Amino acid sequence: MLYPRIGIRPVIDGRWGGVRESLEEQTMGLANAAKELIESNLRYPDGTPVQCVISNTTIGGGAEAAKCAEYFADKNVTATLSVTPCWCYGSETFDMDPNTIKAVWGFNGTERPGAVYLAAVMAAHAQRGLPAFSIYGHDVQDMSDRTVPDDVKEKILRFAKAAVAVGWMKNKAYVNLGGVAMGIAGSYCNADMFQKYFGIRAEWVDMTEIIRRITLEIYDRDEYERALAWIKANCPEGFDCNAGKDLADIIKRSKVVPADKDWEFITKMTLVVRDILYGNKKLDEMGWHEEALGRNAVAGGFQGQRQWTDWLPNADFTEAIMASTFDWNGRKMPTPFATENDTLNCVSMMLGTLVSHSAPCFHDVRTYWSPDACERVTGVRPDGVAKDGFIHLINSGATALDGTGASKNENGEGCMKPFWDMTDADIRACLDATDWCRANYQYFRGGGFSSHFRCKAEMPVTMLRVNVVDGIGPVMQIAEGYTANLPDEIHNTIDKRTDPTWPTTWFAPRLTGEGAFKDVYSVMANWGANHGVTVYGHVGADLITLASMLRIPVNMHNVDASKIFRPHAWSAFGTEDTQSADYRACATYGPLYK
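In this text the structure is predicted, and so the values were computed from the model without any measurement.

Undergrad: It is not clear to me how helix α14 (residues 343-356) should be interpreted in this structure. Could you clarify?
TA: Structural remark: α-helix, 3.6 residues per turn; residues separated by three or four positions point the same way. Taking 1.5 Å of rise per residue, 14 residues should cover 20 Å, and α14 covers 20 Å from first to last C-alpha, within 8% of that figure. Backbone nitrogen of L344 and a side-chain oxygen of the N-cap are separated by 3.2 Å at the start of α14; the cap is D342. Of the residues flanking the end of α14, it is H357, one or two places downstream, whose phi is positive at about 60 degrees.

Undergrad: What's the story with the sheet that holds strand β3 (residues 77-84) in this structure? I'm lost.
TA: Strand pairing in a sheet is mediated by backbone hydrogen bonds. Such pairs are either parallel or antiparallel. Read across the open sheet, the five strands follow the order β2-β1-β3-β4-β5; overall the sheet is parallel. Pairing within the sheet leaves two strands with one partner each, and these edge strands are β2 (52-54) and β5 (132-135). Along the sheet, successive strands turn relative to each other by an average axial angle of 20 degrees, direction set aside. Looking at chain direction, strand β4 (residues 101-106) and β5 are connected through four bridges and run parallel. Across the sheet, residue A103 finds its bridge partner in β5, namely F133. Lying over the sheet, helix α2 (residues 62-72) contacts β1 (5-10), β2 and β3, oriented at roughly 160 degrees with respect to β1. On top of the sheet, helix α4 (residues 114-127) reaches β3, β4 and β5; it is set at about 160 degrees to β4, its chief contact.

Undergrad: Quick question: what am I supposed to make of the pattern of salt bridges here?
TA: Pairing of side chains with opposite charge becomes possible as their charged atoms draw close. For the structure on display, the rule yields 35 salt bridges. A salt bridge links K35 to E39, with the shortest nitrogen-to-oxygen separation between them at 3.0 Å. A residue pair is termed a helical-turn pair when its members lie 3 or 4 positions apart in one helix, as K35 and E39 do in helix α1 (residues 19-41) at four residues. For K35, a relative accessible area of 24% corresponds to the partly exposed category.

Undergrad: Just to check I follow, could you spell out unusual backbone geometry for this structure?
TA: As a rule of thumb, non-glycine residues mostly have phi less than zero, and peptide bonds are mostly trans rather than cis. The linkage connecting Q305 with the following residue, R306, adopts the cis geometry, with an omega of -5 degrees. Along the polypeptide, R306 turns up in the loop between β9 (297-302) and α13 (316-323). Even without being glycine, N296 reaches a positive phi, approximately 55 degrees. Its place among the elements puts N296 in the loop between α12 (289-293) and β9. Positive phi, normally seen in glycine, also occurs at H357, with a value near 60 degrees. Tracing the sequence through the fold places H357 in the loop between α14 and β13 (361-369). Residue classification places H357 among the buried residues on the basis of a relative accessible area of 16%.

Parameters at a glance
- Residues numbered from 1 in each chain as written.
- Predicted model: local features only at pLDDT ≥ 70, side-chain atom pairs only at ≥ 80, totals over all residues.
- Heavy atoms only, no water.
- Helix = DSSP H or I, 4+ residues; strand = E, 2+ residues; numbered from the N terminus.
- Expected span 1.5 Å × (residues − 1).
- Polar contact = N/O pair within 3.5 Å; in protein donor to acceptor, adjacent residues only side chain to side chain.
- Pairing = 2+ DSSP bridges.
- Axes fitted to C-alpha atoms, helices over the stretch in contact; angles between N-to-C directions.
- Contact = heavy atoms within 4.5 Å.
- Salt bridge = Lys/Arg side-chain N within 4 Å of Asp/Glu carboxyl O.
- Buried < 20%, exposed > 50% of the residue type's maximum accessible area, 1.4 Å probe, protein only.

The structure is reproduced here in structure tokens:
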């Protein structure tokens, strides 16, 4: 695989005869320090360390800038970080490639005016319509100081992490299995949006393709036996909400896969879906050459309701295990895979997991519970992180098993981890915290099983959602907060008021006392759709940086202003109302791949 790389451009004062020569070592030292910082701290989604490439010459003018661009041309450089300790010629040395994301680190030292160059080149970027991120340390350093200050590290890593995410998505595919589910607008796959904002190809695969492959046995039969055995050993069935019900005749007539064969069908379906997205060399050996190629996916979604689930087992297991950091083969990279083919929630899953490296958890944003309502219904008033109220997150589908919070960090606290840090004990704990309840036949006539768990960990998480607004385009929402471990008296009472066969997460957003985060009710009232995604950690600042690269405005967030890092030109659109400035900048520059 040709990984997206960060190209580092050592920019220098071009005046020969003593000036340039005296700066060569320091300038290349900054470049090497940046490379070391990025490569030792960041990883690609598959766990491989992020790769940087340094220009094979310092850049003192236009000729060397061109040599650098030529050197980067075949190295899949997604973004460039220019570094300098000194004055340089602004428009002669800057990165003028319209297809790269740009940042400049100007060393804060008094002996040479790196800050002057930084300001000059930011002006040049703004005038030429090539927005760039400005990186400048808070405190003056001595010229002999080779350390990278913490505030500079934070900005370099935030820039690089977001830029790698942009590069990882580019030229991959979103795979629709089916179409729009039950009139959910987010299920509509807008190919223009995927192409222009994310560089992603939209592909459509009719759900009958799954039936064809199951019928013709176009899957690895050895892996099927292994997967089915793993499921039977590790995925215990929970309670059956259909037991004892006198079901309508239309429901009884609709179940074509016998209930005792559901797991066999679901296992085959899961293998087929994975192979459609990614391909499988084993299929080539079986003579299915086209099917072996896959679709070069980065994400996908399954329509399900209702044309599929009215007669066949649902894809809840498929969605949950695709999004998890493990399956019957052990640890694996999670796949953003959306319930009801909600393409916009899958975009949210994709962006969230790219910046957090945790499994993306798909939720219905179901109910806001005020402390008063909670006390009235349950007799108990919530406390702790839920003292101001909470939101019930619950969904039948792609809530990754990592969302149980059963994995443990070094302090013994519940958490979610990148797949490469998952231990056998973590996987065992997530499986033990989950059972699989048979689907409600009144909703899913074809049957199936949903992951059923209760997140008992108190974890930092970020909830996000991308919506599309006519006249604006995609817009992002972000809410950092915590999962809450509510007392049994609250959980058991409230959980039974909705579908108790689904996984439950209680979410308490962090409040600011203002705007959409005045209180928990305001967060719920301003949420733009019926779905949302949670990923591990407070990664709102990373998401804001990524959104600015993609030219997607953020309409609500509770990230501290000091952590927000957008291109320098955004300040030219206003410094008082930064949300409005974000909207105007995104509208002016337009989508990244317009």
